[in-house]
Amino acid sequence: MAIESYIGATILTNPSTPESNSPPVRAAKLKTLIQHALEAGATRASAISTNDISVENNLADMCREPRCKCYGLSTSCPPHVTGPTGFRKLLKNFSRAVFFKIDVPSEILFSSDRREIFQLLHEISSGIERKAVKMGFLNARAYAGGSCKQIFCYDYSDCRVLSENRKCRNPHVARPSMSGFGINVARLIKTARWNKTQTSTNDEAKPTKMTGVYGLVLIY
Ligand code: SF4
């Protein structure tokens, strides 16, 4: 079972009235979701067209070769996800998404604190998804960088869905990794006009190199 299945693999019909789905209302709701992302801890968040989401087989292939150490360890990673083919099919049902990032001092991403950053990333992503569903976007679907096995189930030998065919231990926060679907994050960064790395100027005497970690939520 792929992780998408417990956050709703079926595309549902939105019961909202035509008025509540009008373009201005949708645009206002997107703004609210962006505000929500920022309040939850995102450094930047942007509404994007799903036409700007490039899905590339060769990017997804890199999970397998050279093999990522998380390959096959959870339902959120290949070969247990639907991959680029499934994602392209899914994308046909969406026209807008929220792309967001958290800027982190680069040294933290190489330290033992990195797990907390990725936990926050998944919390923000799943939080946007939940809020979008409450707003009537019943098919909202969240993704985030990193493997949920490493982020949430590091103390367990196995992913419970894979090893016991039982429910995920963290269904409210764990979301599939973007990598396994071949989502070109670099292109999204360009679309959003963000810098990939930058220097914090909080302390001019000792500038800090910052790196972004990213999440994506398909909204409607
Ligand atoms: S049980 Fe753990 S490893 Fe498996 S999908 Fe859930 S969070 Fe990921």
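Everything here concerns the structure above.
Description of the structure in this document.

Calculation criteria
Residues numbered from 1 in each chain as written. Predicted model: local features only at pLDDT ≥ 70, side-chain atom pairs only at ≥ 80, totals over all residues. Heavy atoms only, no water. Axes fitted to C-alpha atoms, helices over the stretch in contact; angles between N-to-C directions. Helix = DSSP H or I, 4+ residues; strand = E, 2+ residues; numbered from the N terminus. Parallel < 35°, antiparallel > 145°, perpendicular 65-115°, else oblique. Left-handed = near helix turned anticlockwise from the far one by under 90°. Contact = heavy atoms within 4.5 Å. Nonpolar A, V, L, I, M, F, W, Y, C, P; charged D, E, K, R; others polar. Core = buried A, V, L, I, M, F, W, Y, C linked by side-chain atoms within 4.5 Å. Buried < 20%, exposed > 50% of the residue type's maximum accessible area, 1.4 Å probe, protein only. Near = heavy atom within 4 Å. Disulfide = S-S within 2.5 Å. Salt bridge = Lys/Arg side-chain N within 4 Å of Asp/Glu carboxyl O.

In a pair of packed helices, the angle between the axes and the distance between the axes together describe the arrangement. At a minimum axis distance of 10 Å, the contact between helix H1 (residues 23–40) and helix H5 (residues 114–134) shows a crossing angle of 150°. Classified by the angle their axes make, H1 and H5 are roughly antiparallel. Relative to H5, the crossing made by H1 is right-handed. Where H1 approaches H5, its residues Thr32, Leu33, His36, Ala37 and Ala40 are matched on the opposing element by Leu120, Ile124, Gly127, Ile128, Lys131 and Ala132. Broken down by class, the residue content of the contact of H1 with H5 amounts to seven nonpolar, three polar and one charged.

Grouped together as the largest cluster of nonpolar side chains are 34 residues, with contacts concentrated most on Phe100, Ile128, Val213 and Ile219. When residues of this core are traced back to their parent elements, those giving at least two are H1, strand E2 (96–105), H5, strand E3 (141–144), helix H6 (148–151) and strand E5 (208–218). Ranked by residue count, the leading element in this core is H5, at six residues. If near-sequence neighbours (up to four positions away) are discounted, Ile128 is found in contact with Leu33, His36, Ala37, Val98, Phe100, Val217 and Ile219.

The next subject is the site of the ligand. The local shell around the ligand holds 12 residues, among which Thr75, Cys148, Cys153, Cys159 and Cys168 are the closest. Considering only residue class, the shell around the ligand consists of six nonpolar, three polar and three charged.

Examined against the element boundaries, His122 turns out to sit in helix H5. A residue is classified by how much of its surface remains accessible, and His122, at 0% relative accessible area, is buried. Not counting chain neighbours up to four residues away, the residues in contact with His122 comprise Ala144, Gly145, Gly146, Ile151, Phe152, Val173, Ala174 and Arg175.

All right, on to the state of the cysteines then. The final tally for this structure, using the stated rule, is zero disulfides. The closest cysteine sulfur to the non-disulfide-bonded Cys68 is located on Cys70, 4.3 Å from its own sulfur.

Once that is clear, we can look at the pattern of salt bridges. Overall, the coordinates contain five salt bridges when judged by the stated rule. Ionic pairing is found between Asp103 and Lys101, a salt bridge with its closest N-O pair at 3.2 Å. Taking relative accessible area as the criterion, Asp103 reaches 14% and is therefore assigned buried. A salt bridge links Arg175 to Glu129, with the shortest nitrogen-to-oxygen separation between them at 2.9 Å. A residue pair is termed long-range when its members are at least 10 positions apart, and Arg175 in the loop between helix H7 (160–164) and helix H8 (185–192) and Glu129 in helix H5 qualify at 46 residues.

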